[in-house]
Amino acid sequence: MCNLYRMSRSVDEIARVFDLAAPLGLNVAGELYPKSNGLVIAEGALRSMTWGFPLAQKSKVTGEPLKPRPVNNARSDKLDSFMWRYSFAERRCLIPLTAWAEAEGPKGEMTRTWLSLPGEDVFTVAGIWRGSDEWGDCYSMVMTDAAGDAAAVHDRMPVILAGEDRDTWTSGAQEDALGLCLPYQGALTIERTSERWAKG
């Protein structure tokens, strides 16, 4: 599952790529972790949202509430579950990115492997979003089974959307949007690094 991705283009550059207005003052990170602020295209506009739906937690010891956990991946085969179904039905979005990362290697020594589309400076993956009391508007990335090049790195991957499928994802019927949740079969650029997965 994807817990790190990269957006190496500025807000203005992304706005130009997708022919959208660039809102002033958007605050987004270049490398995004769960609960980071990221760019999404929702309701025809470029917006900043928190990556991850907040999931309430309680201490197993005291029963007291803990800080919510960000659920940043939504499995495509679980989109009809309570947590996701209303967002999937009513609030689908596009997540622009330049690469996503997976952890590879033995536990405690995992390194970052970056995956991207060759020849594509920016591409889009499927997302869903909603408002929250905890973090304001937030989004989750839709994941499906990995295939092809991606399967050599991890068993799941983001749902990559071709340009001609973006409108269907954001505004088409649910069954048509669900039909787009397929493993990507095209070539991927895979960059294995020596950079530790967990910094520090």
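Rules behind the numbers
Residues numbered from 1 in each chain as written. Predicted model: local features only at pLDDT ≥ 70, side-chain atom pairs only at ≥ 80, totals over all residues. Heavy atoms only, no water. Helix = DSSP H or I, 4+ residues; strand = E, 2+ residues; numbered from the N terminus. Rg over C-alpha atoms; globule rule 2.2 N^0.38 Å. Buried < 20%, exposed > 50% of the residue type's maximum accessible area, 1.4 Å probe, protein only. Contact = heavy atoms within 4.5 Å. Areas by Shrake-Rupley, 256 points an atom, 1.4 Å probe, with all protein chains shown as cover. Pairing = 2+ DSSP bridges. Arc of directions from axis to C-beta. Phe/Tyr/Trp six-rings, centres within 6.5 Å; stacked < 30°, edge-to-face > 60°. Lys NZ or Arg CZ within 6 Å of the ring centre and 35° of its normal.

## Details of the overall build of the protein
Phase 1: Broken down by element type, the protein carries four helices and 15 strands.
Phase 2: Taken over the C-alpha trace, the protein has a radius of gyration of 17 Å; the compact-globule value for 200 residues is 16 Å, and the two agree within 12%.
Phase 3: In terms of its C-alpha atoms, the protein occupies a principal-axis envelope of roughly 50 × 40 × 35 Å.
Phase 4: Counting only residues that meet the buried cut, the protein has 42% of its 200 residues in that class.
Phase 5: Intrachain contacts of the protein at a sequence separation of at least 6 include 67% that bridge at least 24 residues.
Phase 6: Approximately 10200 Å² of the protein is accessible, and the part contributed by carbon and sulfur atoms is 48%.

## Side note on the environment of Leu-55
Phase 1: Relative to the helices and strands, Leu-55 is located in strand β5 (residues 53-58).
Phase 2: Leu-55 gets classed as partly exposed once you look at its relative accessible area, which sits at 30%.
Phase 3: Note: C-alpha distance between Leu-55 and Ala-162 (107 residues apart in sequence) is 31 Å.
Phase 4: Residues in contact with Leu-55, not counting those within four places in the same chain, are Pro-68, Arg-69, Val-71 and Met-83.

## A closer look at the sheet that holds strand β1 (residues 5-6)
Phase 1: Sheet architecture is open: five strands sit in the order β2-β1-β9-β10-β15, paired in antiparallel fashion. Two strands bound the open sheet, and with one partner strand each, they are β2 (31-32) and β15 (189-196).
Phase 2: Where strand β9 (residues 99-104) and strand β10 (residues 111-116) come together, five bridges link them in antiparallel fashion. The residue bridging Glu-104 from the neighbouring strand is Thr-111, located in β10.

## As for unusual backbone geometry
Residues other than glycine predominantly adopt negative phi, and peptide bonds predominantly adopt the trans conformation.
Phase 1: A positive phi angle, close to 80 degrees, is found at Lys-35, a residue other than glycine.
Phase 2: With respect to the helices and strands, Lys-35 occurs in the loop between β2 and β3 (37-42).
Phase 3: Owing to a relative accessible area of 45%, Lys-35 belongs among the partly exposed residues under this scheme.
Phase 4: Not every positive phi belongs to a glycine, and Glu-43 is a case in point at roughly 55 degrees.
Phase 5: Note that Glu-43 resides in the loop between β3 and β4 (45-51).

## A few points about the pairing of β5
Phase 1: As paired strands, β5 and strand β6 (residues 65-71) are joined by five bridges and run antiparallel to one another. Paired with Leu-55 across the two strands is Arg-69, which belongs to β6.
Phase 2: What sits between β5 and β6 in their antiparallel hairpin is a turn of six residues, with Gly-63 showing a positive phi close to 80 degrees.

## Describing helix α2 (residues 82-90)
Phase 1: Every buried residue of α2 is accounted for by Trp-84, Ser-87 and Phe-88. Projected down its long axis, α2 carries its buried residues within an arc of 100 degrees, all on one side. Exposed residues pointing more than 90 degrees away from the buried face of α2 are listed as Phe-82 and Glu-90.

## Here's the deal with the packing of aromatic side chains
Phase 1: Taken as a whole and assessed by the stated rule, the structure comprises five aromatic pairs.
Phase 2: Residues Phe-53 and Trp-84 carry aromatic rings whose centres are separated by 5.1 Å and whose planes lie at 50 degrees to one another, so their mutual orientation is tilted. Here Phe-53, found in strand β5, pairs with Trp-84, found in helix α2; they are 31 residues apart in sequence, far enough to count as distant.
Phase 3: Here Phe-53 falls in the buried class, since its relative accessible area comes to 0%.
Phase 4: Accessibility expressed as a relative area gives 5% for Trp-84, which makes it buried.
Phase 5: Measuring from ring centre to ring centre gives 6.2 Å for Phe-82 and Tyr-86, while their planes differ by 90 degrees; the resulting arrangement is edge-to-face. Placement of the pair is Phe-82 and Tyr-86 together in helix α2, with a separation of four residues, close to one helical turn.
Phase 6: Positioned above the aromatic ring of Trp-114, the side-chain terminus of Arg-6 is 3.7 Å from the ring centre.
Phase 7: Directly above the ring of Phe-88 sits Arg-92, whose terminal nitrogen or CZ lies 5.3 Å from the centroid.

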